[in-house]
Amino acid sequence: MDCLFCAIINGDIPSNKVYEDDKILAFRDINPQAPVHVLVIPKTHIPSVDGINEENSSVIAHIFETIPKIAKSEGLTSGYRVVSNCGDHACQSVKHLHFHILGGSQMLDRMA
Ligand code: AMP
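Before going into details, it helps to say that this report is about the structure given with it.

The subject of this paragraph is the site of the ligand. In the region of the ligand, 16 residues are neighbours, and D29, N85, S93, H98 and H100 sit closest. N85 places a polar side-chain atom, nitrogen or oxygen, 2.8 Å from an oxygen atom of the ligand. In the environment of the ligand, an oxygen atom lies 3.3 Å from a nitrogen or oxygen atom belonging to the backbone of C91. Relative to its unbound accessible surface of 510 Å², the ligand loses 85% to contact with the protein. In terms of residues, the shell around the ligand owes the most to one element, helix α1 (residues 4-10), which gives three residues.

The next point concerns helix α2 (residues 57-73). Over its 17 residues, α2 runs 25 Å from end to end, which matches the ideal 24 Å to within 8%, given 1.5 Å per residue. For α2, the principal kink sits at T66 and spans about 25°; a proline, P68, occurs within the next four residues. Listed as buried for α2 are V59, I60, H62, I63, T66, I67, I70 and A71. Here the buried face of α2 lies against β1 (17-20), β2 (24-28), β3 (36-42), β4 (80-83) and β5 (99-103). Directly beyond the C-terminal end of α2, a positive phi value near 80° is found at G75.

Calculation criteria
Residues numbered from 1 in each chain as written. Predicted model: local features only at pLDDT ≥ 70, side-chain atom pairs only at ≥ 80, totals over all residues. Heavy atoms only, no water. Near = heavy atom within 4 Å. Polar contact = N/O pair within 3.5 Å; in protein donor to acceptor, adjacent residues only side chain to side chain. Areas by Shrake-Rupley, 256 points an atom, 1.4 Å probe, with all protein chains shown as cover. Helix = DSSP H or I, 4+ residues; strand = E, 2+ residues; numbered from the N terminus. Expected span 1.5 Å × (residues − 1). Bend = angle between axes of the 7 residues up to and from the residue. Buried < 20%, exposed > 50% of the residue type's maximum accessible area, 1.4 Å probe, protein only. Contact = heavy atoms within 4.5 Å.

Okay, structure coming up:
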């Protein structure tokens, strides 16, 4: 399968890792949109939020258990935003489920 984030998981494409365990990987976004911009991905290929189901949802719980630890290690003591773009209307550009952690400065209260 031709998937950019699977290639990052496999080490075929380099990334700036901030966290890794046997189930998930977190790395810095190559085009940061905030002072801290980290992507958190499952190591299993799930195309988007739309692909989450009863069989694979335990990794999502694990991601959300780990996000606060990553935020703490990144110094995001004043808050942060977690975003997952799903599908064309949301401008999802990489079809491997990922959660953006954005923080490090005051954000606008508008979401879209
Ligand atoms: P999305 O538009 O929600 O699908 O987000 C995909 C994100 O992946 C974008 O913010 C890109 O900047 C980021 N991205 C694309 N290629 C790489 C890469 N090689 N390393 C790190 N981040 C990347």
